[in-house]
Amino acid sequence: FSKWKIIFVFVVCIFGLGFSAPNFFEKKVIEGFPDWLPHKHVSLGLDLQGGSHLLLEVDVASVMREHLESLIDSMRSELRKARIRYSGLGIAGDDARVSIQDAGEVAQARSLLGNIGNDTSINVDGSTIILSFTARAWADRRNAALQQSLEIIRRRVDETGVREPTIQRQGDERILLQVPGVEDPERLKTLIGKTAKMTFHLVHERNIDQDYTRTPPGARWLPNQDAGFQGQPKKILIKRRVMVSGEDLVDAQPGFDQRDNQPIVSFRFNARGGKKFGDVTAANVNRPFAIVLDGTVISAPVIREPILGGSGQISGNFNVTQAQDLALLLRAGALPAPLTILEERTVGPGLGADSIAAGKIASIIGMILVVVFMALAYGLFGLMADIALAINMFLILGGLSVLQATLTLPGIAGIVLTIGMAVDANVLIFER
């Protein structure tokens, strides 16, 4: 053999031993190693280190209803522009319906409403006009909702620092989530389950009355997250119109208020959202501005001066962990629809430890049997093959550590099989 081949083999073996070595030390010991030394452990799967298994269902029906409500708003706007009198505008099943009061205006109304979108179909039943989305449009919207939910769940899980989660689509409305090594599964379920749809609304002038039995047109009562804190009311009357949407948020970070050192969440809009936010705050100085998250008012500060920089902060009665979670949710984006947990399984670390112990025993027994057989059958050549087999195991362990590939119970079985198959070529050569 040429010298460069021998040197190359030795270098590969040394690197394999070096990168596999951290797996034989505790994590606390590895933290004390110099930065230039390998320090990565093999990443264990759900069945080895424990974790959570969740089967989630996306509430596609709520997405469909939102699209129908948007269609209703477009129909109302078109009919009002044309000054066509109507009644009974609303949703019936999967359709949007409206009755035209003047029979002579039905044809004109049909022509106007037929141009609202390319993905709608229109039918006329006497003076009633029925607008509905096509089957292709429903399928596209359902698929888009599921894909968006999948991506947002992935962002939220990644933000928590979990390694190697499994996030897969199952069917038309379900998502499978497996997260290994989760120490607080309840917090994970809370982060995933929240829709995190944030909007900004002006507080209605009649909010001061606190008369929950009366709701002015274009307004609604929403629960107040800080109810009872420093005399805060149970509900706040806000205007239905969304002044700024959370879809325009580009960043959110937890922090502390410099005045009272209380936890806050700082947020920043994109150019479009920043302009809207600046215009609204400039036109409504000294008026309360409600921040609504998933149908609950989390803060309703008074606008002291125009906020023109496209950024602001959310303060409320929450602790550091809640501020971190809120910032995480806002950064990851809002889910298009609520999620329901259909199936939940938790794999305890004890079960994973038992699996690892059984895998170790199987590997050791397999290694001993192969080593003894090779040494007895082929003598010195057999011992050389045994040394190569041991190096092979270190190379596999080092490769798994460097690549951070997830090792599962079937993976351990594959390693045990490799122990038996690795000397197969040596047996053929020695027998010849």
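Residues numbered from 1 in each chain as written. Predicted model: local features only at pLDDT ≥ 70, side-chain atom pairs only at ≥ 80, totals over all residues. Heavy atoms only, no water.

**Focus on the pairing of strand β14 (residues 263-269)**
Thinking step 1. Of all seven residues that make up β14, five are buried, and the element is covered over most of its length.
Thinking step 2. Judged from the seven bridges that link them, strand β13 (residues 249-256) and β14 form a sheet pairing that is antiparallel. Each residue of the ladder has a partner; that of D251, found in β14, is R268.
Thinking step 3. Joining the antiparallel neighbours β13 and β14 is a turn of six residues, in which N261 adopts a positive phi near 60°.
Thinking step 4. Sheet topology places β14 next to strand β17 (residues 311-315); five bridges connect them, and they run antiparallel. Bridging across to β17, R268 finds its partner in S311. (Buried < 20%, exposed > 50% of the residue type's maximum accessible area, 1.4 Å probe, protein only. Helix = DSSP H or I, 4+ residues; strand = E, 2+ residues; numbered from the N terminus. Pairing = 2+ DSSP bridges.)

**Describing the nonpolar core**
Thinking step 1. Ranked by size, the top nonpolar core spans 41 residues in total, and within it M75, L113, I153, I175, L177 and I192 carry the most contacts.
Thinking step 2. Looking at this core, the elements with two or more residues in it are β2 (51-58), α4 (60-81), β4 (95-100), α5 (106-113), β6 (128-133), α6 (135-159), β8 (174-180) and α7 (185-193).
Thinking step 3. Excluding anything up to four places from it in sequence, I175 contacts L54, L55, L56, V58, L146, S149, L150, I153, I167, Q168 and Q170.
Thinking step 4. Core analysis: the second largest hydrophobic core is formed by 27 residues, M243, I298, I314 and A327 among them. (Core = buried A, V, L, I, M, F, W, Y, C linked by side-chain atoms within 4.5 Å. Contact = heavy atoms within 4.5 Å.)

**Points about the sheet that holds β13**
The pairing of strands in a sheet happens through backbone hydrogen bonds and is either parallel or antiparallel.
Thinking step 1. In spatial order, the strands read β13-β14-β17; together these three strands make up an open sheet with antiparallel pairing. Looking at the sheet topology across the chains shown, the edges are occupied by β13 and β17. In this sheet, adjacent strand axes meet at a mean angle of 25° when their direction is disregarded.
Thinking step 2. Seen against the sheet, helix α9 (residues 320-332) touches β13, β14 and β17 and runs at an angle of roughly 170° to β13. (Axes fitted to C-alpha atoms, helices over the stretch in contact; angles between N-to-C directions.)

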